[in-house]
Amino acid sequence: MTFNTVQEARNWASSFLEQHDREPRVGELLLRYLLGVSQSQWLAMGRDVLDQDVANTFATWIHDHAVTGKPVEHFTNEVDFFDDTFYVDERVLIPRPETEELVLAVLNEVNGGEVIVDVGTGSGIIALSLKGRLKDATVIGTDLSEDALAVARSNGERLQRDVLWTSGDFLKPVLDEGATPDIIVSNPPYIPHAERDSLSETVSLHDPAEALFAEMNGLAAYDTIVKQVMQLDVRPKLIAFEIGYDQGESVPALIQSYDSAADVRVIQDINGKDRIVLWN
Ligand code: GLN
């Protein structure tokens, strides 16, 4: 392949990716990242000649993505979430836009001084987004994976937000400390193992499996967390879960199987899919 200008590189990438059943837009995302340009600068630079090093890296990345499905964020090591840019790599789930809606749902229900636990924090996006908006809150992020906590910790340092990171199985570190959180929030693994083959390779081969898949037809993480909540000395005023689009009945039913009087609501995401469960 040969290309000299931005426009030629873009056209080559689009058709190459299409031939490999990948999203043509990945070309634009990677090239814009390599050039370090905004959307409006990008639109104006079609005839600009491409630097040879950039062209070589771009061609290598496009080939790699086409063959393996490696996600854009694993080349760029960054993702925007609300107004912040987070570092990500293969140690953590790449943040999804739906999870911003989970954070907003929690922000709607707080007054600012609470103790908040983000269970299974991964890259730390939920904990750090909440801490950025609730300066007086005490925010704790837990994760079983020390690798994930290393990413979360480095994001905390980059953003200079003081979140307490602790390792353990879901709420266990909090139970062990005897702490009494006011708010629990979690985007746990919720995809049934049986759905693995229906996912895009970009997800199934590159996001950490332990952040995606759960036993009990996708419900095992909720089951563990709800059991742990029942062991707290004081019931939190809110537990907020991200859920799969088809779990709007099963997750509330699971909660009510432990607490028949639980006040549970389901909220849809901007695509109209069940996405959030709030338990007060
Ligand atoms: N929302 C993610 C996806 O669609 C799944 C993340 C999760 O299981 N918590 O791939």
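Quick note: structure is the one above.
As the structure is a prediction and not an experimental result, all values here were calculated from the model.

Things to note about the side chain of aspartate 84
When you line up the elements, aspartate 84 lands in strand S2 (residues 84–87). The class of aspartate 84 is buried, set by a relative accessible area of 10%.

Some thoughts on the site of the ligand
Taken together, the residues surrounding the ligand are Leu93, Arg96, Asn187, Pro188, Pro189, Tyr190, Ile191, Ala211, Leu212 and Glu242. Within the contact set of the ligand, an oxygen atom lies 2.9 Å away from a side-chain nitrogen or oxygen of arginine 96. Here leucine 212 contributes a backbone N or O atom positioned 3.3 Å from an oxygen atom of the ligand. Within the complex, the protein chains bury 88% of what would otherwise be the 300 Å² of accessible surface of the ligand. Here the residues of the shell around the ligand sort into seven nonpolar, one polar and two charged.

Describing the side chain of glutamine 228
Within the secondary structure, glutamine 228 sits in helix H13 (residues 220–230). In terms of polar contacts, glutamine 228 uses its side chain to reach the backbone carbonyl oxygen of aspartate 169, at 3.2 Å.

Side note on the nonpolar core
Counting 31 residues, the largest nonpolar core has Val106, Ile116, Ile126, Leu130, Trp165, Val185 and Ala240 as the members making the most contacts within it. Counting residues per element, this core draws most heavily on helix H7 (residues 125–133), at five residues. Apart from the residues within four sequence positions on either side, leucine 130 is in contact with Val103, Val106, Leu107, Ile116 and Val185.

So, the packing of aromatic side chains
On inspection of all chains with the given rule, the structure shows nine aromatic pairs. Ring geometry for phenylalanine 3 and tryptophan 12: centres 5.3 Å apart, planes at 35 degrees, overall tilted. Judged by its relative accessible area of 7%, phenylalanine 3 is buried. The exposure class assigned to tryptophan 12 is buried, which follows from its relative accessible area of 16%. Ring centres of phenylalanine 81 and phenylalanine 82 lie 5.3 Å apart, and the angle between their planes is 80 degrees; this geometry places the pair in the edge-to-face category. If you follow lysine 70 out to its NZ or CZ, it ends over the ring of phenylalanine 75, 4.4 Å from the centre.

Considering the environment of isoleucine 191
Positionally, isoleucine 191 belongs in strand S7 (residues 191–192). Sequence separation of isoleucine 191 and asparagine 271 is 80 residues, and the distance between their C-alpha atoms is 18 Å. If we skip the residues at most four places from it in the chain, isoleucine 191 touches Leu199, Leu212, Phe213, Ala214 and Gly218.

Quick look at H13
Where burial is concerned, most of H13 is hidden: eight out of the eleven residues are buried. Residues of H13 that are buried include every one of Ala220, Ala221, Tyr222, Asp223, Ile225, Val226, Gln228 and Val229, and no others.

Quick word on the sheet that holds strand S6 (residues 183–186)
Taking strand neighbours across the sheet as the criterion, the seven strands line up as S5-S4-S3-S6-S9-S11-S10 in an open arrangement whose pairing is mixed. The two strands at the open ends of the sheet, each matched to only one other strand, are strand S5 (164–167) and strand S10 (264–268). This sheet shows a mean twist of 20 degrees between the axes of neighbouring strands, independent of strand direction. In this structure, strand S9 (residues 238–242) lies alongside strand S11 (residues 274–279), joined through four bridges in antiparallel fashion. Across the sheet, the residue bridging to alanine 240 is leucine 278, located in S11. Each of strand S4 (138–143) and S5 is contacted by helix H8 (residues 146–159), which is oriented at about 175 degrees to S5, the strand it contacts most.

Topic: helix H1 (residues 6–19)
Relative to the 20 Å expected for 14 residues at 1.5 Å per residue, H1 spans 20 Å between its end C-alpha atoms, a close match to the ideal helical length. All of the buried residues in H1 are Val6, Ala9, Trp12, Ala13, Phe16 and Leu17. Projected down its long axis, H1 shows its buried positions confined to an angular sector of 130 degrees, all on one face. In H1, the exposed residues that point more than 90 degrees away from the buried face are Glu18 and Gln19. Buried residues along H1 sit in contact with helix H2 (25–35), helix H3 (39–44) and helix H4 (52–68). Where H1 terminates, the next one or two residues include aspartate 21, which has phi positive at roughly 55 degrees.

A word on the pattern of salt bridges
Using the criterion set out here, one finds 14 salt bridges in the structure. The salt bridge involving lysine 237 is made with glutamate 114; its shortest N-O contact spans 2.7 Å. On the criterion of sequence distance, the pair formed by lysine 237 in the loop between H13 and S9 and glutamate 114 in the loop between helix H6 (98–107) and strand S3 (115–119) is long-range, its members being 123 residues apart. The class of lysine 237 is partly exposed, set by a relative accessible area of 38%.

Rules of the game
- Residues numbered from 1 in each chain as written.
- Predicted model: local features only at pLDDT ≥ 70, side-chain atom pairs only at ≥ 80, totals over all residues.
- Heavy atoms only, no water.
- Helix = DSSP H or I, 4+ residues; strand = E, 2+ residues; numbered from the N terminus.
- Buried < 20%, exposed > 50% of the residue type's maximum accessible area, 1.4 Å probe, protein only.
- Near = heavy atom within 4 Å.
- Polar contact = N/O pair within 3.5 Å; in protein donor to acceptor, adjacent residues only side chain to side chain.
- Areas by Shrake-Rupley, 256 points an atom, 1.4 Å probe, with all protein chains shown as cover.
- Nonpolar A, V, L, I, M, F, W, Y, C, P; charged D, E, K, R; others polar.
- Core = buried A, V, L, I, M, F, W, Y, C linked by side-chain atoms within 4.5 Å.
- Contact = heavy atoms within 4.5 Å.
- Phe/Tyr/Trp six-rings, centres within 6.5 Å; stacked < 30°, edge-to-face > 60°.
- Lys NZ or Arg CZ within 6 Å of the ring centre and 35° of its normal.
- Pairing = 2+ DSSP bridges.
- Axes fitted to C-alpha atoms, helices over the stretch in contact; angles between N-to-C directions.
- Expected span 1.5 Å × (residues − 1).
- Arc of directions from axis to C-beta.
- Salt bridge = Lys/Arg side-chain N within 4 Å of Asp/Glu carboxyl O.

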